[in-house]
Number of protein chains: 2
Amino acid sequence: MTDKKQFEEGLQERQKDVERVLRSYLPEKKGWQKTIFEAMEYSLMAGGKRIRPILMKEAYILFGGENEKVIEPFMAAMEMVHTYSLVHDDLPAMDNDDYRRGRKTTHVVYGEDMGILAGDALLNYAFETASHGLVETNAPEAAARAFQIFSRKAGVYGMVGGQVVDVERTGQPLTKEILEFIYTLKTGALLESSLMVGAALAGAGESDLETMEQIGRCVGMAFQIQDDILDRTSTTQELGKPVHSDEKNEKTTYVSLYGIEKAHKAVEEYSDRALELLDHIQGENPFMRELIGYLVNRKK
Amino acid sequence: MTDKKQFEEGLQERQKDVERVLRSYLPEKKGWQKTIFEAMEYSLMAGGKRIRPILMKEAYILFGGENEKVIEPFMAAMEMVHTYSLVHDDLPAMDNDDYRRGRKTTHVVYGEDMGILAGDALLNYAFETASHGLVETNAPEAAARAFQIFSRKAGVYGMVGGQVVDVERTGQPLTKEILEFIYTLKTGALLESSLMVGAALAGAGESDLETMEQIGRCVGMAFQIQDDILDRTSTTQELGKPVHSDEKNEKTTYVSLYGIEKAHKAVEEYSDRALELLDHIQGENPFMRELIGYLVNRKK
C-alpha cells in the first residue's frame, strides 16, 4: 500500500468518525420545532471535508489528550460553527448562493426565514454542545481556556470579523493588507481555533497554543488561496459548487491580485512554514503533517 | 417616599448598572471590522428594559452570590442574546420591522447583510463574554452548569425553538397548546434562563433550579400576554414600536384567542403563581417580588 493510499484511508476513517460524532449530538427530529431539526441536519450532514474537527482531534492527540467525552463535543461544536457560517453566507442578502456541496442551500430548501433561524440554531447549538465538554471535564481550567478560544475565534475578532470586512469590501479594490486580514479571520480563525482548542483541552501551555495559532494561520492562508485557485481553474462538477463566483461577485482574491503562478507559490510557502512550525512542538503526529500537505494540494 | 417610587428608583439604579456592565464588555470601536462594533453597540445600547440581566443578578443575590467577575459577564451575555434575537426577528425575511424601541432597526441603518452579521456577532460575543465568567470562577462546576443552562435556553429547546414555530405558524390558526409552546419558548426561555443562571452561578441545587425555571415560565407567560394586550391597546408613541403589528402579521395571540378580559385575568393568575413559587425558595428578595409585579403591570 502506498503512503498516499494509506493517508487517504486514514482521512476517510477520520471523516466517518466525525460523522458519527455529529450524529450523536444532533437533536432528535421530533417536537413542534421539528423543521429546524431537519434544517440543521440537512446543512450539517451535507458531506463537508470535516477538516476542522479532524485537525482538532489530531492536535488533542498530539498533546496527549485521551478523554473522548471532552474532545468530541468540541469537535461537533466546531463543525456546527463552520456550517452555520456557510448557511448565513449563502443567504440572498449575503452571497446569494443556491448551491453548496452539490446540493441546494438551506434557505432554498426551507425558505429564507428558516435559513436565518437554522444558522442561529446551529450557532447556539454549537455552544450548547461544547458545554457538555465543560460539564464532563476533569480539568475545568483547561476546558474553560479552550472554550474561551473557541468562542473568541468564531466571533468579531475571528471569523465573523472577517465576514464583515469581506461583505463590506466586495466590489472594491483591496490592498494586500486588507485581503490578508479577511483571509486570516474569515478562513484562518476556525483553523487556528481547531488546532488551539484541541491543544488547550489536552492541557497545552500558552507558548504551545501560540505556535498552534501560527500554524493555523499559515494553513488558513494556504487553504484560502488554494480556494481562489480552484474557483478560477476547476469545474462546477468537480467542486460541487459554482466556479468563477469570485468574478461574478467582483471579489478581489489572491489570484486576481497576483495571478495564478504567484498564488501557487504562496500556497507552497505557507504550507512549508506551517510544517516548520510543527517541528517546534515536542510531540509527533505524522498524520497531521500529511493532512496539512493534503489541504494545500486538494482539488476540491 | 412611597413604595412605588422607591421601587422605581431601585429599578432605574439597576438598569444603569446593567448599562455600565454592557459598556464594560462592548468591543472597542476600532479595526477593519469597525462597522460591526458600531452595529453591535447601536442595537445593544438602544435602551431596553434590561429585565433579563436584572432578574439574573437578583436571583444570584437571592442565593447568596457575591462574585461580580462571574455574574457580570453572564448578565451582559444574556442581554446580548436577547438583542441578537430582536435584530434577526426584525429582518425583512422575518417580521420585517423598521422600528424598534423608537429607533430604526439595525438592518435599516446598516443594511440587511450587516443586520444578519450583527445578530451573529452579538450571539457569538454573548458566549465569548460568558466565557470570562468560566475563566474567573472559583466554582467551575457551578459555572459549567450555569453555562449549560444558558446555552440550552437560548437554542432550539429554548428561544430559537419558539421563534421557529412562531415563524412557521404565522397566518395559521393556533391551538392553545401551540400558542403556549411558542410563548414558553420564545419569551419564557430567556426569563427562565436568567433566573436559573443567576441561581446556578450562586451554587443553587437542582430542586431550586427547577423552581426558578417554573417561576420564569410563569413570568414569561404573563409578560407575553401583557405584550399582546399592549399591542392591541397602546399607541406607537407610548410603546416605541408599531402597535397592531400582530393583526398586520395575522398572528394568533392570547388576546385574539380569548379576548382582552380573559387575557388580563391570565396575566394576573400567572404572576400570582410566580409569587407563590418564590415563597418556596428559602432566601428573601423583596425587590424581585416587586419586579415581577411590575413586569406584569407595565405600560410598555
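You'll find the structure just up there.
Residues numbered from 1 in each chain as written. Chains lettered and ligands numbered in written order. Predicted model: local features only at pLDDT ≥ 70, side-chain atom pairs only at ≥ 80, totals over all residues. Heavy atoms only, no water.

Colleague: In this structure, what is going on with the overall build of chain A? I would like to understand it.
Modeller: Tallying secondary structure elements over chain A gives 15 helices and 2 strands in all. Relative to the 2.2 N^0.38 estimate, which gives 19 Å for 300 residues, the radius of gyration of chain A is 18 Å and therefore close to what a compact globule would have. Along the first, second and third principal axes, the C-alpha atoms of chain A reach 50 × 50 × 40 Å. Within chain A, buried positions represent 60% of all 300 residues. In chain A, 74% of the contacts between residues at least 6 apart in sequence involve partners at least 24 apart. Entry remark: accessible area of chain A is about 12,300 Å², with carbon and sulfur atoms responsible for 45%. Side-chain charges in chain A split into 36 positive and 49 negative, and the spacing between the mean points of these groups amounts to 3 Å. (Helix = DSSP H or I, 4+ residues; strand = E, 2+ residues; numbered from the N terminus. Rg over C-alpha atoms; globule rule 2.2 N^0.38 Å. Buried < 20%, exposed > 50% of the residue type's maximum accessible area, 1.4 Å probe, protein only. Contact = heavy atoms within 4.5 Å. Areas by Shrake-Rupley, 256 points an atom, 1.4 Å probe, with all protein chains shown as cover. Lys, Arg positive; Asp, Glu negative; His and termini not counted. Charge placed at Lys NZ, Arg CZ, Asp CG, Glu CD.)

Colleague: Explain the relation of the copies chain B and chain A here, please?
Modeller: Taken together, a rotation about one axis and a shift along it account for how the two chain copies relate. Between chain B and chain A, the superposition needs a rotation of 180° and an axial shift of 0.0 Å, giving an RMSD of 0.0 Å. Expressed as a symmetry operation, the mapping of one chain copy onto the other fits a two-fold axis. For chain B, the smallest separation between a C-alpha atom and the rotation axis is recorded for Pro140(B), amounting to 3.1 Å. Here 100% of the interface residues in chain B have copies in chain A that are interface residues too; the copies meet face to matching face. (Least-squares fit on C-alpha atoms with pLDDT ≥ 70 in both.)

Colleague: Any chance you could explain helix H2 (residues 34–44) of chain A here in plain terms?
Modeller: Because each turn of an α-helix spans 3.6 residues, side chains separated by three or four positions in sequence point in the same direction. Burial runs high along H2(A): 8 of the 11 residues are buried. Among the residues of H2(A), those classed as buried are Thr35(A), Ile36(A), Phe37(A), Ala39(A), Met40(A), Tyr42(A), Ser43(A) and Leu44(A). Summarising the contacts, the buried residues of H2(A) are in contact with helix H1 (3–25), helix H4 (68–89), strand S2 (103–104), helix H5 (106–110) and helix H6 (112–136) of chain A together with helix H8 (159–169) of chain B.

Colleague: Help me understand the interface of chain B and chain A, please; the structure alone is not making it clear to me.
Modeller: It is common to report an interface's size as the accessible area lost on association of the parts. The partner chain A presents 51 residues to the 51 residues of chain B that form the contact. For the pairing of chain B and chain A, the buried interface totals around 4,700 Å² over both sides, and the portion due to carbon and sulfur atoms is 69%. Considering only the surface of chain B that becomes buried against chain A, Trp32(B), Asn124(B) and Val156(B) emerge as the three largest contributors, covering 16% of it. Between chain B and chain A we count 2 salt bridges in total. One salt bridge connects Glu128(B) with Arg152(A), and the closest N-O pair in it is separated by 3.0 Å. The tally of links between chain B and chain A comes to 14 residue pairs in polar contact (both at pLDDT 80 or more). (Buried area = accessible area lost by both parts, 1.4 Å probe. Salt bridge = Lys/Arg side-chain N within 4 Å of Asp/Glu carboxyl O. Polar contact = N/O pair within 3.5 Å; in protein donor to acceptor, adjacent residues only side chain to side chain.)

Colleague: Any chance you could explain the pattern of salt bridges here in plain terms?
Modeller: If charged atoms from side chains of opposite charge come close, those side chains can pair. Counting across every chain of the model gives 49 salt bridges over all chains. The partner of Asp279(B) in a salt bridge is Arg289(B), with the nearest N and O atoms 2.6 Å apart. Here Arg289(B) lies in helix H15 (residues 286–297) and Asp279(B) lies in the loop between helix H14 (260–278) and H15, a separation of 10 residues in the sequence. Here the salt bridges do not stand alone but share partners, grouping Asp89(A), Asp95(A), Asp166(A), Lys186(A) and Lys251(A) into one network.

Colleague: Help me understand the packing of aromatic side chains in this model?
Modeller: Geometrically, a pair of aromatic rings is defined through the distance of the ring centres and the angle of the planes. Residues and elements named next belong to chain A. Going through the model one piece at a time under the given rule, you end up with 20 aromatic pairs over all chains. Between the aromatic rings of Phe74 and Phe150, the centroid separation amounts to 6.1 Å while the plane-to-plane angle is 85°, which identifies the pairing as edge-to-face. Residue Phe74 is found in helix H4, and its partner Phe150 is found in helix H7 (residues 140–154); the two are separated by 76 residues along the sequence. With respect to class, Phe74 is no different from Phe150; both count as buried. (Phe/Tyr/Trp six-rings, centres within 6.5 Å; stacked < 30°, edge-to-face > 60°.)

Colleague: Can you walk me through the side chain of Ser151(A) in this structure?
Modeller: Mapped onto the secondary structure, Ser151(A) falls in helix H7. Exposure remark for Ser151(A): the relative accessible area of 0% places this residue in the buried category. If sequence neighbours within four positions are ignored, Ser151(A) has contacts with Phe127(A), Asn124(B), Phe127(B), Glu128(B) and Ser131(B).

Colleague: Quick question: what am I supposed to make of the packing of H6(A) against helix H7 (residues 140–154) of chain B here?
Modeller: A packed helix pair is summarised by two numbers, namely the angle formed by the two axes and the spacing between the axes. Look at H6(A) against H7(B): their axes get within 8 Å of each other, and the N-to-C directions meet at 160°. The orientation of H6(A) relative to H7(B) falls into the category roughly antiparallel. Our pair here, H6(A) against H7(B), has a crossing hand that is left-handed. Counting all contacts with H6(A), which are made through Asn124(A), Phe127(A), Glu128(A), Ser131(A), His132(A), Leu134(A) and Val135(A), the residues of H7(B) involved are Ala144(B), Phe147(B), Gln148(B), Ser151(B), Arg152(B) and Ala154(B). Taken together, the residues of the contact of H6(A) with H7(B) sort by class into 6 nonpolar, 5 polar and 2 charged. (Axes fitted to C-alpha atoms, helices over the stretch in contact; angles between N-to-C directions. Parallel < 35°, antiparallel > 145°, perpendicular 65-115°, else oblique. Left-handed = near helix turned anticlockwise from the far one by under 90°. Nonpolar A, V, L, I, M, F, W, Y, C, P; charged D, E, K, R; others polar.)

Colleague: Would you mind going over the environment of Gly220(A) with me for this structure?
Modeller: Residue and element names in this part refer to chain A. Counting through the fold element by element, Gly220 comes out in helix H10 (residues 206–233). Its relative accessible area of 0% is what places Gly220 among the buried residues. The spatial distance from the C-alpha of Gly220 to the C-alpha of Glu13 is 23 Å, given a sequence separation of 207 residues.

Colleague: Just checking my understanding: could you explain the packing of helix H4 (residues 68–89) of chain B against H8(B) for this structure?
Modeller: Residues and elements named next belong to chain B. Between H4 and H8, the shortest axis-to-axis distance is 12 Å and the interhelical angle comes to 20°. With respect to each other, H4 and H8 are oriented roughly parallel. Once H4 is placed against H8, the crossing between them reads as right-handed. Contact with H4, carried on its side by Val81, Tyr84, Ser85 and Asp89, involves Met159, Val160 and Gln163 of H8 and no other residues of that element. In the contact of H4 with H8, the residues fall into 4 nonpolar, 2 polar and 1 charged.

None of this, on its own, says anything about what the molecule does.
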